[in-house]
Amino acid sequence: KLGANRIVVRIKKNEILGEFLKQSGFKFSHTESLFEGTPTKLDQTKMKINNKYDTDDLAIFRLYNRSTPVEVRSLLCPTLADWKDINGQYKNIANEYTIIENSEIRAYIKMYRSKRTQIVTLIANPEYNYNIIKHLLQFSLMVLNKIDEVKVYIPDFHISTHKAALEINLFKSTIYDIYVL
């Protein structure tokens, strides 16, 4: 079966183009910011980072639900099947990790690299202190990165991750609006 369940468009913040997308049936989902720069190296922290297993999917989906506003997840991944479909991309080439505390997944990191691009997905418990998120973000960049400069897209509703990115010397360069059809 070929096809697409959703079309997601990322555009630089632009009211005129956004209006055209809305008139074409797209719905505004959220805003995210592009952070760029050369990340500062942090001291190692004592966190137990585990490899992700397929049996972790439901717990990670629940974490996604806790960390993502209902307006956003209702457009992007309203069900576990939708989430698995979207997050199943690049499964064979991605490195996936979880952080478990008290038998509960508290953070999920997915990283993969193509020839020219590195993609990092970080979902963390919204109650986490930004210092923990800072170390998780640094870990994800260091695992993939053999180059000096990185680019990281962070949804604006992930306030702690924004703060963490600034703390490791990344700067906000561009703001994007996300639309979904």
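Described below are features of the structure shown in this document. (Residues numbered from 1 in each chain as written. Predicted model: local features only at pLDDT ≥ 70, side-chain atom pairs only at ≥ 80, totals over all residues. Heavy atoms only, no water.)

Turning our eyes to something else, we now look at the sheet that holds strand β6 (residues 118-124). The strand order across the open sheet built from four strands is β3-β4-β5-β6, with neighbouring strands paired in antiparallel fashion. Strands at the two margins of the open sheet, each flanked by one partner only, are β3 (49-51) and β6. Strand-to-strand twist across the sheet, computed as the mean angle between neighbouring axes with direction ignored, equals 25 degrees. The sheet contact formed by β3 and strand β4 (residues 95-101) spans three bridges and is antiparallel. Bridging across to β4, Ile-49 finds its partner in Ile-99. (Pairing = 2+ DSSP bridges. Helix = DSSP H or I, 4+ residues; strand = E, 2+ residues; numbered from the N terminus. Axes fitted to C-alpha atoms, helices over the stretch in contact; angles between N-to-C directions.)

Viewed as axis vectors pointing N to C, helix α2 (residues 57-67) and helix α4 (residues 80-87) meet at an angle of 100 degrees, and their least axial separation amounts to 10 Å. By the criterion of interaxial angle, the relationship of α2 to α4 is roughly perpendicular. Counting all contacts with α2, which are made through Asp-57, Leu-58, Ile-60, Phe-61 and Tyr-64, the residues of α4 involved are Leu-80, Trp-83 and Lys-84. Within the contact of α2 with α4, the residues separate by chemical class into six nonpolar, no polar and two charged. (Parallel < 35°, antiparallel > 145°, perpendicular 65-115°, else oblique. Contact = heavy atoms within 4.5 Å. Nonpolar A, V, L, I, M, F, W, Y, C, P; charged D, E, K, R; others polar.)

All chains considered together, the criterion is met by 11 salt bridges. For Lys-151, the salt bridge goes to Glu-36, with nearest N and O atoms at 3.7 Å. Highlighted residues: Lys-151 in strand β7 (residues 150-155) and Glu-36 in strand β2 (residues 27-37), separated in sequence by 115 residues. Given a relative accessible area of 13%, Glu-36 falls into the buried group. When the shortest N-O distance is used, the salt bridge between Asp-57 and Lys-52 registers 2.6 Å. Like Asp-57, the residue Lys-52 is buried in the burial classification. Through salt bridges with shared partners, a single network forms among Arg-66, Glu-101, Glu-104 and Arg-106. (Salt bridge = Lys/Arg side-chain N within 4 Å of Asp/Glu carboxyl O. Buried < 20%, exposed > 50% of the residue type's maximum accessible area, 1.4 Å probe, protein only.)

Time to look at the side chain of Asn-125. Counting through the fold element by element, Asn-125 comes out in the loop between β6 and α5 (130-144). Owing to a relative accessible area of 3%, Asn-125 belongs among the buried residues under this scheme. Beyond its immediate stretch of four places on either side in the chain, Asn-125 contacts Leu-63, Arg-66, Glu-104 and Arg-106.

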